[in-house]
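Spelled out from the first residue to the last, the chains are:
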Amino acid sequence: METDCIKEALPVGTRLLHIGPHKTGTTAIQGALFAAKDTMPEHGVDFPAHSRHPMEAALAACARPAMMGDTAPTDKHWTRLLDAVRATGDRTSVISSEFFADAQDDETLARIVEQLGGERVHILITLRPLAKIMPSQWQQYVQNGLRMGYDNWLEHMLRKAPYEQPNPSFWRRHRHDRLVERWARVVGPERVTVVVVDDSDRDGLLRTFETLLGLPANLLRPVPDAANRSLTLAETEMLRKLNVEFRGNGLPDELYSKLVRNGAVMHMKNSCSPTPQDVKITTPRWALEAAGAIGAEMAGTIAATGVRVVGDPDLLSAVPEGGGKAPGAPRIAPEVAAQALYGALAAVAAAPVRHSAPAKARTVHQTSSKELVRVLGHRCLKRLRRR
């Protein structure tokens, strides 16, 4: 396995496809590239996506479903991105979406590569240690409706074969050696670069992208994005318990997308910053050691593929100090709960208000709480759909 620092740019005209996977610095890269999209063309590089992250296009290309309650992606999203890529002509271009890592079979991968430019396509995969990915990925799954607690989730992902429930996408994304093998098999190892992200070098990944693309140093700058921050343990547990109530009352997924994920959670993340007093998501020692062992195995398998590796592959098997039970009970601050509630209410208020049919004779206090929640949910959804 060749491990080095990138000293030369990829050939002019390369179409660089960054496939993530999730939780490896993708949002930071996408934000920096999008912020510099009007400046990069001066240096021969185009960012053809119409938004910071062309998620719908990637999901459509990989035939993957949307997030819970979101509108299903269509071929139009993928076609629009392809048209923008082709419009770059012979210039270098870069596309980034972690959802390309969800593509499974060689036929799908080959089709994506061919449509993006065939031999001009170079695959970039960014990797971080599993020990750092697991807590972040768990809370992200909770933001998409997961109801399982962290310790139980770790048991399923690491100890309960075939390790596919409740989130089969986890190992599809984060069995990194198989991810590298899939793409190297389709494009050849010489057209795959793996970057091991060093969290101690905050801007290292941006500098790597600059070198690969032939951009001037420091052109890509970090872009603050509160909406992408991870939830604290208390915030995650609050949301997880809401997920239990949501599912238990049979409310529609579209309502979850609009009021919970894009209403309550989004407003809470934008309005409240974690403090040193917040309890963090803590991974037990046994899981850290299991993740380190898997990381070492993956690093060895990646070495056998012959792809170029930038950075220190030993980081993939490093076992952090600590681990164990969380230091203290997670408690949600009143202002955080208030912002989450306001976010949900604001999402409802954004829908046009229309007079409903005359109230039925039965009063609220004569109706069960479970039925009230269900009725309210469907009424909110009906209003949102009228927008």
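Everything numeric here is computed off the predicted structure, so don't read it as measured data. Chains are numbered independently. Their residues run from 1 in the order of the written sequence. It should be noted that, the model being predicted, local features are given only for residues of pLDDT at least 70 and side-chain atom pairs only at 80 or more, the latter also being counted only at that level, while totals for whole chains, interfaces and linings use all residues. Values shown for side chains rest on all heavy atoms present in the structure; no hydrogens or waters enter the calculation.

1. As for helix α9 (residues 204-213)
Item 1. Burial of α9 is extensive: eight of the ten residues sit out of reach of the surface.
Item 2. Taken residue by residue, α9 has Gly-204, Leu-205, Leu-206, Thr-208, Phe-209, Glu-210, Leu-212 and Leu-213 as its buried positions.
Item 3. Working definition: helices are DSSP H or I runs of at least four residues, strands are E runs of at least two. Numbering for both runs from the N terminus. Taken from the residues just after α9, Gly-214 is the one with a positive phi, measuring 75°. Exposed residues in this analysis have more than 50% of their type's maximum accessible area, buried residues have under 20%, and partly exposed residues fall in between, with area computed by a 1.4 Å probe over protein chains only.

2. Observations regarding the environment of Pro-330
Item 1. As for its placement among the helices and strands, Pro-330 is situated in the loop between β7 (308-310) and α13 (334-349).
Item 2. Linking Pro-330 and Lys-280, residues 50 residues apart in sequence, is a C-alpha distance of 8.4 Å.
Item 3. Should any heavy atoms of two residues lie within 4.5 Å, those residues are considered in contact. If near-sequence neighbours (up to four positions away) are discounted, Pro-330 is found in contact with Leu-233, Ala-234 and Val-279.

3. What to know about the confidence of the model for the protein
Item 1. Confidence per residue, as judged by the predictor, is encoded in pLDDT with a range of 0 to 100. Looking at the protein as a whole, the pLDDT averages 89, with 87% of positions reaching at least 70.
Item 2. A low-confidence stretch, residues 353-369 (pLDDT under 50), is modelled with eight contacts involving residues beyond four sequence positions or located in other chains.

4. Section: the side chain of Arg-172
Item 1. Along the chain, the position of Arg-172 falls in helix α7 (residues 169-174).
Item 2. For the buried Arg-172, which has no salt bridge, the nearest side chain bearing the opposite charge is Asp-102, at an N-O separation of 4.3 Å.
Item 3. With residues near it in sequence (within four places) discarded, Arg-172 still touches Arg-64, Ala-101, Asp-102, Gln-104 and Arg-182. Counting rule applied: Lys, Arg positive; Asp, Glu negative; His and chain ends not counted. Note on definitions: salt bridges are taken to be side-chain nitrogens of Lys or Arg within 4 Å of carboxyl oxygens of Asp or Glu.

5. Considerations on the pattern of salt bridges
Side chains bearing opposite charge may pair, as long as their charged atoms lie close to each other.
Item 1. Counted according to the given criterion, the structure contains 16 salt bridges.
Item 2. For Arg-159, the salt bridge is made with Glu-155, and the minimal N-O distance between the two is 2.9 Å. Taken together, the residues span about one helical turn, with Arg-159 and Glu-155 both in helix α6 (residues 150-159) at a distance of four residues.
Item 3. Judged by its relative accessible area of 46%, Arg-159 is partly exposed.
Item 4. Between Glu-235 and Arg-229 there is a salt bridge whose closest N-O contact spans 3.0 Å.
Item 5. By sharing partners, the salt bridges in this structure join Arg-128, Lys-132 and Asp-199 into a single network.

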